[in-house]
Amino acid sequence: MRKWVLALATLSLLTAACAPEEDTPGTGTDTPTVDQTAAECAEANADVLQTDDTLTVATGNPAFPPWWEGGTTDEHAEWEFNDPYLGEGYEGAVTFEVAERLGFSDDQVEFEAIGFNKSFAPGPKDFDFVLQQISFAPERTEGVDFSESYYDVNQALVSVEGSAIADATSLGELKDAELGAPIGTTSLTYIEDNIQPNQQPAVYDDLGAAVQDLKNGQVDGIVVDLPTAFFVTAVQIPKGVIVGQFPTVGSQEYFAMAFEKGSPLVDCVNLALEEMKADGTLDEIRQEWLADNADAPVIEG
């Protein structure tokens, strides 16, 4: 574990290395040098942490699999489904790996629950960054800054056995379907912009409400990201089926961490992610937690 107190000369050198060069949309204001590590960047910007010597991370509660795993604990009983402090699941493993590369031990990581839409709303934050399957979108950069991708994602369609769309293989077969998705998500945007069914999509406050309506037969299908689709059909809806995954339209959709606008920690986290991609760690985490989520038929346009 690196120490936060550096010799004055070293601190001055690192601060100079992180001096602002230019603002880049979607990133922090400090541009690290080529040779700087994630830990050095974090040390140089320690004064912007919400709490001294602590990395405060926000995510959704309930903490859904496969993004968070391990179950609940008595120690953190306020967390539903999974305790994020366990560091299990894809986002859990990514969080603690990034934290380690920034120079934090496991017991220096604290979690805070936050609603999905609030996670990228404008204004001051009481966390250092948030991750809960937030897709990068240019319009969202008006309120927050984003890291680089920690997961490239495709949207998928979940229905139930025997439904009118269970065997659909094209967007044309979904025109008369009643589909739904949580509000504020790229899943809902995909329905509206790309599937364009004849019926207005059902809009939900959260994933749980969407799943319940599908179980009750109130909608024909719901659109979610692919890993979540596997969880829904494996755990939440026993007769659920993944109709297929949708092709990417335009730029590749990806999940990114969100930060308070102008936070220099964006660059530090990006350095950590670059290190994880370069040495294969991020791919190893994906293989461990999401390897079974790769196979699903593609619903053609």
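Here is a short report on the structure shown in this document. (Residues numbered from 1 in each chain as written. Predicted model: local features only at pLDDT ≥ 70, side-chain atom pairs only at ≥ 80, totals over all residues. Heavy atoms only, no water.)

A few words now on a negative patch on the surface. Residues Glu100, Asp106, Asp107 and Glu110 make up a contiguous surface patch of negative charge. Residue placement: Glu110 occurs in strand S2 (residues 109–113). Under the relative-accessibility criterion, Glu110 is labelled partly exposed at 36%. (Patch = residues over 30% accessible without salt bridge, like charges linked within 9 Å, V, L, I, M, F, W, Y side chains within 5 Å. Areas by Shrake-Rupley, 256 points an atom, 1.4 Å probe, with all protein chains shown as cover. Salt bridge = Lys/Arg side-chain N within 4 Å of Asp/Glu carboxyl O. Lys, Arg positive; Asp, Glu negative; His and termini not counted. Charge placed at Lys NZ, Arg CZ, Asp CG, Glu CD. Helix = DSSP H or I, 4+ residues; strand = E, 2+ residues; numbered from the N terminus. Buried < 20%, exposed > 50% of the residue type's maximum accessible area, 1.4 Å probe, protein only.)

Let us look at the pattern of salt bridges. What the rule picks out here adds up to five salt bridges. Between Asp283 and Arg286 there is a salt bridge, with its nearest N and O atoms 2.7 Å apart. Of this pair, Asp283 and Arg286 both sit in helix H8 (residues 281–290), three residues apart, which is roughly one turn of that helix. What makes Asp283 partly exposed here is its relative accessible area of 41%. Judged by relative accessible area, which is 28%, Arg286 ranks as partly exposed. One salt-bridge network, held together by shared partners, links Glu97, Arg101, Glu275 and Asp279.

In this section: the packing of aromatic side chains. For the structure shown, the criterion picks out 16 aromatic pairs. Within the aromatic cluster, the residues linked to one another by ring pairs are Trp67, Tyr90, Tyr150, Tyr151 and Phe255. The ring of Phe120 has Arg140 sitting right over it, with the charged end atom 4.2 Å from the ring centre. (Phe/Tyr/Trp six-rings, centres within 6.5 Å; stacked < 30°, edge-to-face > 60°. Lys NZ or Arg CZ within 6 Å of the ring centre and 35° of its normal.)

Another point: the sheet that holds strand S7 (residues 179–182). One open sheet accounts for five strands, arranged S8-S7-S9-S6-S10; its pairing is mixed. Pairing within the sheet leaves two strands with one partner each, and these edge strands are strand S8 (202–204) and strand S10 (240–245). This sheet shows a mean twist of 30° between the axes of neighbouring strands, independent of strand direction. Lying over the sheet, helix H5 (residues 207–215) contacts strand S6 (155–160), S7, S8 and strand S9 (221–225), oriented at roughly 145° with respect to S9. Across the face of the sheet, helix H6 (residues 226–236) comes into contact with S6, S9 and S10 while running at roughly 130° to S9. (Pairing = 2+ DSSP bridges. Axes fitted to C-alpha atoms, helices over the stretch in contact; angles between N-to-C directions. Contact = heavy atoms within 4.5 Å.)

Turning our eyes to something else, we now look at the environment of Glu112. When you line up the elements, Glu112 lands in strand S2. Residues Glu112 and Val57 lie 55 residues apart in sequence; the distance between their C-alpha atoms is 6.2 Å. The residues touching Glu112, leaving out its near neighbours within four places in the chain, are Thr56, Val57, Ala58, Thr59, Trp79, Asp126 and Phe127.

Next up on the list: helix H7 (residues 265–278). Taking 1.5 Å per residue, 14 residues should reach 20 Å; H7 reaches 20 Å between its end C-alpha atoms and fits that length. Among the 14 residues in H7, ten count as buried, and that is most of the element. Along H7, the residues that are buried comprise Leu265, Val266, Asp267, Cys268, Val269, Asn270, Leu271, Ala272, Leu273 and Met276. Tucked into the core, H7 has its buried residues touching helix H2 (38–44), helix H3 (90–102), strand S3 (129–130), strand S4 (144–146), strand S12 (258–260) and H8. Immediately beyond the C-terminal end of H7, within one or two residues, lies Gly280, with a positive phi of roughly 85°. (Expected span 1.5 Å × (residues − 1).)

With that out of the way, let us pick up the nonpolar core. Judged by nonpolar contacts, the single largest core of 39 residues is most densely connected at Tyr90, Val98, Leu102, Tyr150 and Met257. Elements supplying a minimum of two residues to this core: H2, strand S1 (55–59), H3, S2, H7 and H8. By residue number, the principal contributor to this core is H7, which donates eight residues. Contact partners of Tyr150, with chain neighbours within four places excluded, come to Tyr90, Glu91, Val94, Leu131, Gln132, Gln133, Ile134, Phe255, Ala256, Met257, Leu273 and Leu282. (Core = buried A, V, L, I, M, F, W, Y, C linked by side-chain atoms within 4.5 Å.)

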